[in-house]
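Report on the structure
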Amino acid sequence: MGLLKGWLYCLLWYTSILAGYAGLFCPLLPVLFFSNKLYRCCTDALFTFWQYYPTVLLETLCGCDIQVSGDAIQTTETSLIVMNHRTRTDWNFLWPTMYHCVYGKNRYRHPTKFVLKDVIRHIPGPGWVMQLACFVYIKRCWLLDKLSLQRVVEYFADLSYKYSLLVFPEGTDLTAATKSKSDDYARKHGLQSYDYVLHPRTTGFVFLAQQLLVRRAIDAVYDVTLVYPDLVPQTESVLLRGDFPKQVKIHLARYPSSVLPRSEEGLRDFLEKRWLDKERTLREYHVTGQFLHGGILKKESKSELMSALVFWTLLPLLVLYVLWMVEWFRFLVLGHTVFLLLVNLTTDGFQDFEIGVYNLKKKLFRVK
């Protein structure tokens, strides 16, 4: 039964992504050429509604209790989120976290963007949809990555768009090999060795924070701490076997932009202090079982989750039927896919193309 549950979760998750790409994202492409802001609103609303699907799958099908506490993310704000990267599967549990912790009248389309490794954008389905949702991909080459980060920050600031941008400062998940490298770094720089987190890479966070601060385009930084109390799903194979943690604890601490240092050194110290606190918090939890205190962030609207369950479970069947029966729809999806592949070959991804379209329209017509 556990194996069946794991495969069913992964199958439903992946087919919903493919169906969303073909049936919803592909037909939206023409909107981009009329209005970048409208296209961004539409695609972000779709992606936000999709987040409800893994939430209901994890909480009902897989029996995973996602306990979110601390400070809620407000849809009226632009925020930078930093989080410890415990496993390769952390992002599975981030969708329910965002569902429960985002509050405000526009929460149905308040987007959370991730900063991801560039190779992920080439994965058929998930990588494509995250490009269309304007996630940020980096190549681990700072000369190139700082340009990509700056373009995205400028783009959203120019659109006066509210969003959350999530960064994993550790750069990778916590394993024996990555901990060894982190310990070597600590010894080399005379720092404390960590057992429950890796020493954060500060360059990307500092650059993003400074870029947002100078444009007055950031309202808060959220420090997110995640812990798996009973089972650590280190890799995707664990989930495929149906071994889901019974409980995941996530805590959000909000730091308003007014308390953020403006200097590079100050921001670096700010992030390193957060990680030192995070190490102490996790160490205390593993010794005493006591986690961070704060208000419980839990939405109890079953109708939202049930509507997402029905919609995203049936959508793959509907898309397959339309693909089989409607010739023009087949050409639409095929044409969009070929176009997307060409964009990936000639640029840094669709998100880069989207920003290029905006800059061209701005130059020619002064429109958003």
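Predicted model only: the values in this text are computed from it and were never measured.

1. With respect to the overall build of the protein
Along its length, the protein carries twelve helices and nine strands. Along the first, second and third principal axes, the C-alpha set of the protein runs to 65 × 55 × 40 Å. Considering the protein as a whole, with its 368 residues, one finds that 52% of them fall into the buried category. In the protein, 80% of the contacts between residues at least 6 apart in sequence involve partners at least 24 apart. Accessible surface for the protein amounts to roughly 16800 Å². Of this, 63% is attributable to carbon and sulfur atoms. When the 43 positive and 33 negative side-chain charges of the protein are each reduced to one mean point, those points stand 5 Å apart.

2. Some thoughts on the packing of helix α1 (residues 2-34) against helix α2 (residues 36-61)
Here α1 crosses α2 at 170 degrees, and the two axes come no closer than 10 Å. Classed by the angle they form, the pair α1 and α2 counts as roughly antiparallel. Classifying every residue of the contact of α1 with α2 gives 23 nonpolar, three polar and one charged.

3. Observations concerning unusual backbone geometry
The phi dihedral of Cys 134 is positive, around 65 degrees, even though this residue is not glycine. For Cys 134, the position within the fold is in the loop between α4 (126-132) and β6 (136-138). Even without a glycine there, the phi angle at Ser 160 is positive, about 55 degrees. Secondary-structure assignment places Ser 160 in the loop between α5 (142-159) and β7 (164-167).

4. Description of helix α9 (residues 264-288)
The terminal C-alpha atoms of α9 lie 36 Å apart, and with 25 residues this matches the ideal 36 Å at 1.5 Å per residue to within 8%. All of the buried residues in α9 are Gly 266, Leu 267, Phe 270, Leu 271, Arg 274, Trp 275, Leu 276, Lys 278, Glu 279, Thr 281, Leu 282 and Tyr 285. Close packing links the buried residues of α9 with β3 (79-83), α7 (203-214), β8 (220-227) and β9 (247-256).

5. Thoughts on a nonpolar patch on the surface
Together, Phe 331, Leu 334, Val 338, Leu 342 and Leu 345 line one region of the surface with nonpolar side chains, adding up to about 550 Å² of accessible area. Note on placement: Val 338 falls in helix α11 (residues 327-346).

6. Topic: the nonpolar core
Counting 69 residues, the largest nonpolar core has Phe 135 and Leu 252 as the members making the most contacts within it. With 13 residues, the single largest contributor to this core is α1. Not counting chain neighbours up to four residues away, the residues in contact with Phe 135 comprise Phe 47, Trp 95, Thr 112, Lys 113, Phe 114, Leu 116, Met 130 and Gln 351. In this structure, Cys 41, Val 206, Leu 260 and Leu 271 belong to the second largest nonpolar core, which totals 41 residues.

7. Topic: a positive patch on the surface
Taken together, the side chains of Lys 117, Arg 140, Lys 181 and Arg 201 define a basic patch exposed on the protein surface. Summarising the element assignment, Lys 117 is placed in strand β5 (residues 112-117). Lys 117 gets classed as partly exposed once you look at its relative accessible area, which sits at 40%.

8. Observations regarding the side chain of His 110
Within the secondary structure layout, His 110 lies in the loop between β4 (102-103) and β5. Among the polar contacts made by the side chain of His 110, one reaches the side chain of Ser 164 at a distance of 3.1 Å. Setting aside its immediate chain neighbours within four residues, His 110 contacts Thr 48, Ile 73, Gln 74, Thr 75, Glu 77, Val 102, Lys 162, Tyr 163 and Ser 164.

9. Some remarks on helix α12 (residues 350-365)
With 16 residues, α12 extends 22 Å between its outermost C-alpha atoms, agreeing within 8% with the 22 Å of an ideal straight helix rising 1.5 Å per residue. The set of residues buried in α12 consists of Phe 350, Gln 351, Glu 354, Ile 355, Val 357, Tyr 358 and Lys 361. Buried residues of α12 fall within an arc of 155 degrees about the axis and therefore sit on the same side. In α12, the exposed residues that point more than 90 degrees away from the buried face are Lys 363 and Leu 364. Residues of α12 that are buried make contact with α1, α2, α4, β6, α5 and α11. Phi turns positive, to about 55 degrees, at Arg 366, one or two residues after α12.

10. Description of the sheet that holds β3
Two orientations exist for strands paired in a sheet by backbone hydrogen bonds: parallel and antiparallel. Taken in spatial order, the seven strands of this open sheet run β1-β9-β8-β3-β7-β5-β6, and their pairing is mixed. The two strands at the open ends of the sheet, each matched to only one other strand, are β1 (65-70) and β6. Taking each pair of neighbouring strands and ignoring which way they run, the sheet shows an average axis angle of 25 degrees. Across six bridges, the pairing between β1 and β9 is parallel. Its bridge partner being in β9, Gly 70 is matched across the sheet by Leu 252.

What counts as what
Residues numbered from 1 in each chain as written. Predicted model: local features only at pLDDT ≥ 70, side-chain atom pairs only at ≥ 80, totals over all residues. Heavy atoms only, no water. Helix = DSSP H or I, 4+ residues; strand = E, 2+ residues; numbered from the N terminus. Buried < 20%, exposed > 50% of the residue type's maximum accessible area, 1.4 Å probe, protein only. Contact = heavy atoms within 4.5 Å. Areas by Shrake-Rupley, 256 points an atom, 1.4 Å probe, with all protein chains shown as cover. Lys, Arg positive; Asp, Glu negative; His and termini not counted. Charge placed at Lys NZ, Arg CZ, Asp CG, Glu CD. Axes fitted to C-alpha atoms, helices over the stretch in contact; angles between N-to-C directions. Parallel < 35°, antiparallel > 145°, perpendicular 65-115°, else oblique. Nonpolar A, V, L, I, M, F, W, Y, C, P; charged D, E, K, R; others polar. Expected span 1.5 Å × (residues − 1). Patch = residues over 30% accessible without salt bridge, like charges linked within 9 Å, V, L, I, M, F, W, Y side chains within 5 Å. Salt bridge = Lys/Arg side-chain N within 4 Å of Asp/Glu carboxyl O. Core = buried A, V, L, I, M, F, W, Y, C linked by side-chain atoms within 4.5 Å. Polar contact = N/O pair within 3.5 Å; in protein donor to acceptor, adjacent residues only side chain to side chain. Arc of directions from axis to C-beta. Pairing = 2+ DSSP bridges.

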